[in-house]
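Chain residues, written in single-letter form:
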Amino acid sequence: MKITALIFSIIGLQFAVYSQQTVTDSITHDGIQREYILYIPASYTGDSPVPVVLNFHGYGSTANEQMWYGDFRSISDTAGFIIAHPQGTLFNGTTHWNVGGWTVGSTTDDVGFTDALLDTLAGNYNIDSTRVYSTGMSNGGFMSFLLACQLSERIAAIGSVTGSMTPETYDNCNPMHAMPILQIHGTDDGVVPYTGTTWSESIDNILQYWVGVDNCNTTPTITSLPDLDPNDGSTVEHYVYEGGDNNVTVEHYKVIGGGHTWPGNTFGGSGTNNDINASEEIWKYFSRFNLTNITGTEHLVEDSPQINIYPNPTNSYITVEINYSNRMDYEVISPLGHVVIRGVIRSNNQQIDLSQLAPNIYFLNIEGRFY
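Residues numbered from 1 in each chain as written. Predicted model: local features only at pLDDT ≥ 70, side-chain atom pairs only at ≥ 80, totals over all residues. Heavy atoms only, no water.

Q: Hey, could you go over unusual backbone geometry for me, with residue numbers and the actual values?
A: One non-glycine residue, Asp30, lies in the positive phi region at around 55°. Looking at the secondary structure, you find Asp30 in the loop between strand E2 (21–29) and strand E3 (32–40). Although it is not a glycine, Thr162 adopts a positive phi angle of roughly 65°. One can find Thr162 in the loop between strand E9 (157–161) and helix H5 (167–171). (Helix = DSSP H or I, 4+ residues; strand = E, 2+ residues; numbered from the N terminus.)

Spelled out as structure tokens, the structure:
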């Protein structure tokens, strides 16, 4: 019988060095294999937690197309965040995110899938759980709003490009904290109309909704941006609703004359605005916020949390008992400093499976604390 011992003390850690990677992977959720593409910058080492940007594709598109169309990779290389490009499932033969509106009838649980995907990323990479952001194009923007409403405890800010909120999302929105919202939309969008339709709220409606949720000033500061490309047929006004709870703002880039495109994208084609780069503006906005500063509380940290771990030694599982209600990231570390297991503690009484580890002494790190 093999015996695995755990010692809970601080040691010097050694982590593997990663190179720039694009990784296609999948998880099984609700009995469906769900794929995603990760972009991991060369700066990622696993030595310190990094932000995550969820980048959702549009209706009928794919994760790979969104990686190129709504491209954050060069920004990731500089800023050091991981990008996750999830893949939607088929609905009536077309890839989609189940957000209501024109997707009513879909049975896909995309909020649950996103929640599970974030757990998987936390188990495989050293991510900063206070700095998870969501963005997307069109249906992917709708999906980001859905996450702001239904998974807000894990989302620090969202940025929607040509998306909106369906009536179902609008009527069943229950954010748990002030939510930073950035909306980029063209006034001549012929796919998701700026003024709304039966399956999509108007941009004015969603801005006013989030201004109310965040307790922002109802009168925005409006700045006309320089017309850098007079030939693109559009100009941009930047609306900023300030004064929200914990300095949260609601912001809008109104692309006057713009169509259903991602501004600044060279693949955008007709109707694309070149006065702003949507990816750059979204990251600049995201980088201002995390779950600590938008809630005004320490996220996932308590004074002297009480943790009880047993049995020790063990030959299979350990049980972690903790007097804390939020998710906490953990790592099991080998004597050489290598992370052999990563995961998320989701309950006050959780088992961790160590049965696949070779007999040895291991170290347990929970949210940067060793026990």
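Q: Pulling in residues and values, what's your account of the nonpolar core?
A: Across soluble globular proteins, nonpolar side chains show a tendency to be buried alongside one another. Among the nonpolar cores identified, the biggest contains 49 residues, and Leu54, Ile82, Leu121 and Trp210 are the most heavily contacted of them. The greatest single-element share of this core, amounting to seven residues, is contributed by helix H4 (residues 139–150). Not counting chain neighbours up to four residues away, the residues in contact with Trp210 comprise Phe145, Ala148, Cys149, Met165, Cys173, Pro175, Met179, Ile181 and Val250. In terms of nonpolar packing, the next biggest core, distinct from the first, is built from 29 residues, Ala157, Ile276, Ala278 and Trp283 among them. (Core = buried A, V, L, I, M, F, W, Y, C linked by side-chain atoms within 4.5 Å. Buried < 20%, exposed > 50% of the residue type's maximum accessible area, 1.4 Å probe, protein only. Contact = heavy atoms within 4.5 Å.)

Q: Tell me about the environment of Gly100, and please be specific about residues and values.
A: Mapped onto the elements, Gly100 comes out in the loop between strand E7 (94–96) and helix H3 (110–124). When residues no more than four places from it in sequence are discounted, the contact partners of Gly100 are Thr166 and Glu168.

Q: Kindly report on the pattern of salt bridges, identifying the contributing residues and their values.
A: Opposite charge on two side chains allows them to pair when their charged atoms are near. A full pass over the atoms with the stated rule returns seven salt bridges. Between Arg73 and Asp71 there is a salt bridge, with its nearest N and O atoms 3.0 Å apart. If you follow the salt bridges from partner to partner, you end up with Asp115, Asp119 and Arg154 in one network. (Salt bridge = Lys/Arg side-chain N within 4 Å of Asp/Glu carboxyl O.)

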